[in-house]
Each structure stands twice: as structure tokens, then as C-alpha cells.
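Each chain, letter by letter, is given below.
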Amino acid sequence: IPTAVEAQLLLESASPGKRRVLIAQLLQSEGYVSHNFNYWADILRAKSRMDGDGAAYLLWIKDSLRQNKPYDVFVRELVTARGSTFRNGATTVFRDRRSPDELTTMVSQLFLGIRLECAKCHKHPFEIWRQDDFYSFAAYFARVGRKGGGLSPPISGSEEFVFAKSD
């Protein structure tokens, strides 16, 4: 939202493109990044994790917004993330959701706008999705591999590496 000063300057300006210029400035502002960060941090359940790999995740989200990353690129980077959870914040999505069915449910709801979790167990009478659809999609996430230090990297906060398994 423009500040009171920015709004007053807009109202006083005689420039024909004043509205377009203000909108462009606002879209480049840190306030725009912070506002959208709050939305995406809530959606991705990243807000409460401020230490270890959580900080990398938060920075990845903010940097993506600062770069005005297109939606398809943002989602692709997230669901195909590889590498260290300390260095590539996008990989953290695979740290909190460990099983293919959890990832399938999250990705289908957040990025495809469909709720597939009912199809995990049965064919819902009012939906078109079947178990085959659920498990075909989950097969993609079944290839997610993880290596890390400590007895349980997600709990201990140790660095973890995410990669695509060959089998």
C-alpha cells in the first residue's frame, strides 16, 4: 500500500502516467516482498523455522519474490529442488514432508488447486480423481532421496542433502 506521502504526491501530480509509475515503484519495494513473503511463508508452512535450514528456506522465498520469479519457475524450483538444505532453501520442503503421499497431497493442493488425498484410499463419488491418479503422482516423489548427519536430521537440525534416486 502506498504511504500517505506517496498517495498525496500521486494526487498532486499532473503526470499522465503517474499511476503506472507508482505501481511499478511499489512492486519493486521491500514492502511488496514482505507482504507476499508472509503469504507464501504461511502457505508453505515455513514461518516458524528460523534456525538452520529454516533460515535458508525463508531466504529462498524472499529472494524468489525479490527477483519477481514467475510462478511456474518458483514451483518448478521447489518441487525439483536438490542439494543441501543449508545452501538451497527450496530443498527444505522435502525435509518437513518425508513421505510421497504427504508431498503429493501438498503439491496437488497448493499448486494444482485440487485435493487428491481422498483418492489415496478410494474413488470419491463427487470427484474425478482415482487411486491410480494419486499413486501415479506420488511415484514422482517416491524418487526423492535424502542423506544427512545425525540420528534424525529433521529433528536434530543437521544438514541434509536431497537428491533424485535412480530407482
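Whatever comes next refers back to the structure up there.
Nothing here was measured: the structure is a model prediction, and the numbers come from that model.

Now for the environment of Lys120. Relative to the assigned elements, Lys120 resides in the loop between α7 (100-111) and α8 (131-142). Residue classification places Lys120 among the partly exposed residues on the basis of a relative accessible area of 28%. Distance from Lys120 to Asp101, taken between C-alpha atoms, is 7.9 Å for residues 19 residues apart in sequence. The contacts of Lys120, once residues within four sequence positions are left out, are Asp101, Gln131, Phe134 and Tyr135.

Within the fold, Gly145 resides in strand β2 (residues 144-148). Expressed as a C-alpha distance, the spacing of Gly145 and Val79, which sit 66 residues apart in the sequence, is 13 Å.

Take the packing of helix α5 (residues 71-79) against α7 next. Two numbers describe how α5 lies on α7: the axes approach to 12 Å, and their chain directions differ by 175°. Classified by the angle their axes make, α5 and α7 are roughly antiparallel. Two secondary-structure elements touch here, α5 through Tyr71, Val75, Leu78 and Val79 and α7 through Val107, Leu110 and Phe111. Of the residues contributing to the contact of α5 with α7, the split by class is seven nonpolar, no polar and no charged.

What counts, and where the lines are drawn
- Residues numbered from 1 in each chain as written.
- Predicted model: local features only at pLDDT ≥ 70, side-chain atom pairs only at ≥ 80, totals over all residues.
- Heavy atoms only, no water.
- Helix = DSSP H or I, 4+ residues; strand = E, 2+ residues; numbered from the N terminus.
- Buried < 20%, exposed > 50% of the residue type's maximum accessible area, 1.4 Å probe, protein only.
- Contact = heavy atoms within 4.5 Å.
- Axes fitted to C-alpha atoms, helices over the stretch in contact; angles between N-to-C directions.
- Parallel < 35°, antiparallel > 145°, perpendicular 65-115°, else oblique.
- Nonpolar A, V, L, I, M, F, W, Y, C, P; charged D, E, K, R; others polar.

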